[in-house]
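# Architecture at a glance
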Amino acid sequence: MIIKSADFICSNTQISKLPPPVKPEYAFIGRSNVGKSSLINMLTAKKGLAKTSQTPGKTQLINHFLVNDNWYIVDLPGYGYARASKTKKADWNKFIQQYLDKRESLQCVMVLIDSRLDPQKIDIEFCNWLGEKGLSFVLVFTKADKQSSIKTDQSVAKFKKALLETFDEVPQIFITSAEEHLGRDEILGFISTINQDFEIPDYKTFD
């Protein structure tokens, strides 16, 4: 897939104000500081499209980016950010879960995992929640350039083992590096394949 355009469309905390669900959407989500913004900018080849920050938890809205006028990257707030108040966390969780569970045009959830870490309980729990809801997801391991490929492979193997305690099989896996553009063609190819079969769903309009 060649990226010809990528544009910020809107930020929201209200499901009712999202763009009409008439184009395929891919939600990007992970723990705060997993490298989500850098990955989105790398995939779209547009530096600064998604705002990167040294402060974890900066994304607090559902951000829609329209790619090639054809499909959306949806940048979701990172989960597990410690400094947010309990009330705010509950609100975020509610609207993220509502989006993931109810969005008619959502094709796949891209769950970002830091390839340098052992399996984190919060990542496993989130994958289990997606599984319980029957939502399609893949695992995107980030920051692979920060260590040897052997260490990345070991991290992936540990995560697979942890997931297989609750899943019959592990979803598709992508190894990425925003710095080295690793995994870009594979992810864009995966999205392109799904886009070919997309049909506009029946959906409710909100007044």
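Before going into details, it helps to say that this report is about the structure given with it.

Rules used in this analysis
- Residues numbered from 1 in each chain as written.
- Predicted model: local features only at pLDDT ≥ 70, side-chain atom pairs only at ≥ 80, totals over all residues.
- Heavy atoms only, no water.
- Buried < 20%, exposed > 50% of the residue type's maximum accessible area, 1.4 Å probe, protein only.
- Helix = DSSP H or I, 4+ residues; strand = E, 2+ residues; numbered from the N terminus.
- Contact = heavy atoms within 4.5 Å.
- Phe/Tyr/Trp six-rings, centres within 6.5 Å; stacked < 30°, edge-to-face > 60°.
- Core = buried A, V, L, I, M, F, W, Y, C linked by side-chain atoms within 4.5 Å.

### Some points on helix H1 (residues 36–44)
Counting buried positions along H1 gives eight out of nine residues, so the element sits mostly inside the fold. Of all the residues in H1, the buried ones are Lys36, Ser37, Leu39, Ile40, Asn41, Met42, Leu43 and Thr44. Just downstream of H1 lies Ala45, where phi reads positive at about 55°.

### Examining the environment of Val67
You can see Val67 is positioned in strand S3 (residues 62–67). Look at Val67 and you get buried, because its relative accessible area is 0%. Measuring from C-alpha to C-alpha, the distance between Val67 and Ala6 comes to 4.3 Å, with 61 residues separating the pair along the chain. Setting aside residues no more than four positions away along its own chain, Val67 makes contact with Ile3, Ser5, Ala6, Thr44 and Ile73.

### Quick look at unusual backbone geometry
One non-glycine residue with positive phi stands out, namely Ala45, at about 55°. Structurally, the position occupied by Ala45 is in the loop between H1 and S3. Ala45 sits in the exposed class, given a relative accessible area of 59%. Here Asn68, not a glycine, exhibits a phi torsion of approximately 55°, which is positive. Inspection of the secondary structure assignment puts Asn68 in the loop between S3 and strand S4 (71–75). What makes Asn68 partly exposed here is its relative accessible area of 23%.

### What to know about the packing of aromatic side chains
What the rule picks out here adds up to seven aromatic pairs. When the centroid spacing of 5.8 Å and the interplanar angle of 85° are considered together, the rings of Phe141 and Phe159 count as edge-to-face. On the criterion of sequence distance, the pair formed by Phe141 in strand S6 (residues 137–142) and Phe159 in helix H4 (residues 149–163) is long-range, its members being 18 residues apart. Both residues of the pair, Phe141 and Phe159, belong to the buried class. One aromatic cluster is present, built from ring pairs that chain together Tyr79, Phe126 and Trp129.

### Some points on the nonpolar core
Counting 32 residues, the largest nonpolar core has Tyr99, Leu100 and Val111 as the members making the most contacts within it. Broken down by secondary-structure element, the contributors of at least two residues to this core are strand S2 (25–30), S3, S4, helix H2 (86–102), strand S5 (106–114), helix H3 (121–133), S6 and H4. Broken down by element, the residue count for this core peaks at five residues, all from H3. When sequence neighbours within four positions are dropped, the list of residues in contact with Tyr99 reads Ile15, Leu18, Glu25, Ala27, Ile62, His64, Val74, Leu76 and Leu106. If you look at the next biggest cluster of nonpolar residues, it comprises 25 residues, including Val34, Val67, Ile73 and Ile187.

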